[in-house]
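The residues making up each chain are set out below.
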Amino acid sequence: MSDSTILKVDQVTKRFGGLTALDKVSFAVEAGEIRGLIGPNGAGKSTMFKNIAGFYTPTSGDIIYQGQSIRGQKPHTIAELGIVRTFQETTLFQELTVFENVLVGCHKHARSNLFKAIFKLDREIEQAATHKALEVLEFMGLVERRDQFASELPLGSQRALAISIALASEPSLLLMDEPFAGMNPEETNHMMELTRKVRDSGITIVLVEHDMKAVMGLCNYLTVLNFGQLLAEGTPDDIRNNDRVIEAYLGGGVH
Amino acid sequence: MNSKPARIVLSLLLLVGLLLLPHFLQFHHQDLLIFLTINVLVVASYRIVTLTGEWSLIHAVMMGVGGYTAALVFKQFELGMWFTLPLAGIVAAAIAALLCFPLFRMTQFYFLIGSFAAGEAIRLCWIRFVQPFGGTGGLSGVEPPLIGDIDFLEAVPYYYLTLAVVGLCLFILYRIENSRIGLILHSVHWKAPLAESVGVDTWRYRALAFIIGSFFVGVAGGLKVHYLGTITPNQFGVGFMVFILIWVIVGGYNRFYGPIIGVVVLTLFDESIRSLEEIRPAIYGAVLIISILFLPQGLESIVGRVKRLFARKPAGGTPSGDR
C-alpha cells in the first residue's frame, strides 16, 4: 500500500440474510483521483458506498482510510474523519434555504454548545461558518440563489447544492452516488466541470454512475463490479476493451 | 421582516399589557391566567422536542417529575422556591437523559408508544410508592415563597413571578431555536441521513432536544405545584398530554409562536363558552375539527396571511433570514 493510497477496501463482504451483495471485494483509491465505480444494476455499487460511509457495517473484511480502519464506525464519525457522501436522487433539506443547507454542512467546523447559543457567544464561529458557506456557494456557482428554498431549484442546481453541502464539511474523500442521473446533456457537462473543479481543489472523488459517457470522460481509473464481485479494474480505455466487462453489460452500454 | 423599532414597541406594549392584565380580572380569572402562563411554557418546551420530528407522549409526565421534585425538596429540606424550581428542571432533565438510551433506539410511532409507556411507568411509581410520593392522593402543603412582606400566595404577585420565570425560559428557548443548534435540530428532522453524512450525530441532537424540553417543562411543573399547593398523579395523565398535543397542533408547529397562540386562544375560547355547561366539550371538539380542517397549518398561519396583506412587496423573503 503506497503512501498516496487514501482508501483501501480489503476483502469486503456484505450479506443480507442469504443474499451476498458484496463478495470479497478489494480495491484501493489513490489520493487526488476521480475513481469510477461502475457495473450493471444490482452489482453492489451503492452497497459498497454505504459500507464505506458507515451506513452499513461489512459482514467481513476491512475498510482502511488514511491508514486507519473505519469498519463499523457510525456515519457521523466517518464524516468527521473526512469521508462525505452525496445521495442518489436529490437529497437536500428541501424546507431550508440554499444558504441554510450549506450552513448545516459546516457543522463539523462550527461546533457550538448550549451555553454559547443562549448567550450568543458563538458569533465568531457563526461568522466563520457564514464565510465558509458563501465561499462554497461561490465555488459551485450558487451564490445568487442563496435565499431560495432548496425545493425551488432546478435539478442541476439541486445536485450542485447537494455537493455544496458535502464540500462545506471540508472532506478529503467525496463519495458521489449517481450525480448525473436524470440530467440532460447540458446539465451533465456542467456537472462534469464542477466535479473536475472539486478534484482540482484537492479532494479525492469516488463516484457511482450509469452514464458511461460521463464516467469515461471524467474518471482516470475505473473499478467494475458485477454480482457483488470485482470484475475488472483499469483505465477507461482498458475497461472499454475488456471482454468480460462488455459481456457483463451484454455488449451494450459501453461503446 | 418587521423593522426593529416596530418590534421593540410591540414587545413593550405586550409587556405592559401582560403586567396590567391581572388588575382587570376577577380572582377566578387571575387563577386561570397563572395556569395559562405556565401552560405557555409547557407548549413552548414541547415544541423544541418536536423540532427533531419526534412527537413524545411523555411531556406531561415530565412536568409531573418537576412538580414532584419541587414538592419533595420543599417538604423534606424546607428549601425555598429558588432552589426547588431549578432542581425541578434538573431532575426532569436527568430522568430524560436516562430515558434517551431506551427511547431513542426507536423513531416515529415506536417512539410515540415507547415514550407513552415510559411515562405511564413513572406515573404508576407515584401511585404505587406511597412513601415518598403519597399515592393517588399525592402530596400537599407545598407553599409559595415569601420574599420580604410580599406574600406569593396571592394571585397577583404569584402571576408576576410566573411571568418572569416563564419569560426568561421562553427567551432561552427562542435563543436556542435561532442558533446553530436550532438549525441542526431542523436538519435532523427533515433529512437525518443527510445530516449524518456531514458529521451530525443525530442521536445526540434528538437526545439534546428531549433533555432541554424536559428541563423547561420540569420548571413549569415546579411553578404549578407551588401555586396549587398539591400535586397528584392524575394531573399529568393522558388527558393533559392530549391537551398539550391539541394546543400545539391547533396553534401550529412551524413557528416559535404557533403553540403559544394555540394554548392562549383555546384556553380563552374554552373559558368563554363556560356558560354553555354540558354541551361545552361538544362545541370545543367541533371548533377543533373545524380549525384543523380549514387551518391545517395552524392558527399561526393567520399571522402570515395578515402580514402579507399589509406587506407591500410580495411574500418572497425568508422566514428565517436573520439567522
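Thresholds applied
Residues numbered from 1 in each chain as written. Chains lettered and ligands numbered in written order. Predicted model: local features only at pLDDT ≥ 70, side-chain atom pairs only at ≥ 80, totals over all residues. Helix = DSSP H or I, 4+ residues; strand = E, 2+ residues; numbered from the N terminus. Rg over C-alpha atoms; globule rule 2.2 N^0.38 Å. Buried ≥ 20, exposed ≤ 12 C-beta atoms within 10 Å, placed from the backbone. Contact = placed C-beta atoms within 7 Å. Domains from an automatic or database assignment. Nonpolar A, V, L, I, M, F, W, Y, C, P; charged D, E, K, R; others polar. Pairing = 2+ DSSP bridges. Axes fitted to C-alpha atoms, helices over the stretch in contact; angles between N-to-C directions. Core = buried A, V, L, I, M, F, W, Y, C linked by C-beta atoms within 7 Å. pLDDT = per-residue confidence, 0-100. Parallel < 35°, antiparallel > 145°, perpendicular 65-115°, else oblique. Expected span 1.5 Å × (residues − 1). Arc of directions from axis to C-beta.

Before going further, it helps to spend a moment on the overall build of chain B. The helix and strand tally for chain B stands at 14 helices and 4 strands. For chain B, whose C-alpha radius of gyration is 20 Å, the value lies close to the compact-globule estimate of 20 Å for 323 residues. Relative to its full complement of 323 residues, chain B shows a buried share of 43%. Of the contacts formed within chain B by residues at least 6 apart in sequence, a portion of 76% connects residues at least 24 apart.

Here we come to the overall build of chain A. The secondary structure content of chain A amounts to 10 helices and 10 strands. Since a compact globule built from 255 residues should have a radius of gyration of about 18 Å, the 19 Å found for chain A is in line with a globular shape. The principal-axis extent of the C-alpha atoms belonging to chain A is close to 65 × 40 × 35 Å. When each of the 255 residues of chain A is scored for burial, the buried share is 44%.

Turning our eyes to something else, we now look at the domain arrangement of chain A. Residue and element names in this part refer to chain A. Domain assignment breaks chain A into domain 1 (1-82 + 172-255) and domain 2 (91-170). Each partner contributes residues to the interface: domain 1 has 11 residues there, and domain 2 has 10 residues. Those elements giving two or more residues to the side of domain 1 that touches domain 2 turn out to be helix 2 (75-81) and helix 7 (185-200). Counting residues per element, the side of domain 1 that touches domain 2 draws most heavily on helix 7, at 5 residues. Classifying every residue of the side of domain 1 that touches domain 2 gives 7 nonpolar, 2 polar and 2 charged.

This part takes up the environment of D238(A). All names here are of chain A. Among the structural elements, D238 can be located in helix 9 (residues 236-240). Judged by C-beta crowding, with 13 C-beta atoms within 10 Å, D238 ranks as partly exposed. The spatial distance from the C-alpha of D238 to the C-alpha of Y221 is 9.3 Å, given a sequence separation of 17 residues.

Okay, the sheet that holds strand 2 (residues 19-30) of chain A next. All names here are of chain A. Here 4 strands make up an open sheet; going across it, the order is 2-1-4-5 and the pairing antiparallel. Whereas interior strands pair on both sides, the edge strands pair on one side only; in this sheet they are strand 2 and strand 5 (68-69). The sheet contact formed by strand 4 (residues 60-65) and strand 5 spans 2 bridges and is antiparallel. Across the sheet, residue Y65 finds its bridge partner in strand 5, namely Q68. Of the strands in this sheet, strand 1 (5-16), strand 2 and strand 4 are in contact with helix 1 (residues 45-52), which crosses strand 2 at around 65°.

Before going further, it helps to examine the domain arrangement of chain B. All names here are of chain B. The domains assigned to chain B are domain 1 (31-235) and domain 2 (237-315). A C-alpha centroid distance of 22 Å is found between domain 1 and domain 2. Opposite the 18 residues of domain 1 that make contact, domain 2 presents 15 residues. If one sorts the elements of the side of domain 1 that touches domain 2 by residue count, helix 2 (residues 27-50) sits on top with 10 residues. Its residues assigned to classes, the side of domain 1 that touches domain 2 comprises 10 nonpolar, 5 polar and 3 charged.

Another point: the sheet that holds strand 8 (residues 204-208) of chain A. Residues and elements named next belong to chain A. Taken together, 6 strands build an open sheet; the order of strands is 6-7-8-3-9-10 and the sheet is mixed. Each edge of the open sheet carries a strand with a single partner, namely strand 6 (83-85) and strand 10 (229-234). Between one strand axis and the next, the sheet turns through 20° on average, direction left out of account. Alignment of strand 6 against strand 7 (residues 173-177), held across 3 bridges, turns out to be parallel. When the sheet's bridge partners are listed, V84 is paired in strand 7 with L174. Its contacts with the sheet place helix 1 against strand 3 (34-38), strand 6, strand 7, strand 8 and strand 9 (221-226), and it is angled at close to 145° to strand 7. Docked against the sheet, helix 7 engages strand 3, strand 7 and strand 8, running at close to 145° with respect to strand 8.

Between Q131(B) and P132(B) the backbone carries a cis peptide bond, its omega angle lying at 10°. Residue E178(A) is not a glycine yet carries a positive backbone phi of 50°. Along the chain, E178(A) turns up in the loop between strand 7 and helix 7. Phi at Q108(B) is positive, roughly 50°, even though this residue is not glycine.

Right, let's get into the interface of chain B and chain A. In this complex, chain B contributes 23 residues to the contact, which on the side of chain A involves 32 residues. For the side of chain B that touches chain A, the secondary-structure elements that each account for two or more residues are helix 7 (155-177), helix 8 (180-190) and helix 9 (192-197) of chain B. Residue composition of the side of chain B that touches chain A, by class: 10 nonpolar, 7 polar and 6 charged.

Residues V102(A), L41(B), V43(B) and A92(B) are the most contacted members of the largest nonpolar core, which totals 160 residues. Setting aside its immediate chain neighbours within four residues, V102(A) contacts A133(A), V136(A), L137(A), S164(A), I165(A) and A168(A).

Turning next to the environment of G134(B). Residue and element names in this part refer to chain B. Within the element layout of this structure, G134 appears in the loop between helix 6 (130-133) and strand 1 (139-140). Taking the C-beta count within 10 Å as the criterion, G134 has 21 such neighbours and is therefore assigned buried. C-alpha of G134 to C-alpha of T69: the two residues are 65 residues apart in sequence and 13 Å apart in space.

Per-chain confidence: chain B averages 87 in pLDDT, with 94% of residues scoring 70 or above. Of the regions scoring below 50 in pLDDT, residues 314-323 of chain B engages in 9 contacts with residues more than four places distant in sequence or in other chains.

All names here are of chain B. Contact geometry of helix 7 with helix 10 (residues 202-228) gives a least axis separation of 11 Å together with a crossing angle of 175°. Taken together, the axis directions place helix 7 and helix 10 in an arrangement best described as roughly antiparallel. Of the residues in helix 10, those touching helix 7 at Y158, T162, V165, C169, L173 and I176 are I212, F216, V219, L223 and Y227. Of the residues belonging to the contact of helix 7 with helix 10, the class tally is 10 nonpolar, 1 polar and no charged.

Bringing helix 1 of chain A into the picture now. Burial within helix 1 of chain A is extensive, with 6 of its 8 residues counted as buried. Of the residues making up helix 1 of chain A, those classed as buried are K45(A), T47(A), M48(A), F49(A), N51(A) and I52(A).

Residue and element names in this part refer to chain A. With 16 residues, helix 7 should cover 22 Å at 1.5 Å per step; its first-to-last C-alpha distance of 23 Å lies within 8% of that length. Within helix 7, burial applies to T188, M191, M192, T195 and V198. Projection of helix 7 onto a plane perpendicular to its axis shows the buried side chains occupying an angular sector of 125°, all on one side. Facing away from the buried side of helix 7 by more than 90 degrees, the exposed set consists of E186, E193 and D200. Tucked inside the fold, the buried residues of helix 7 contact strand 3, helix 6 (155-168), strand 7, strand 8 and helix 8 (212-218).

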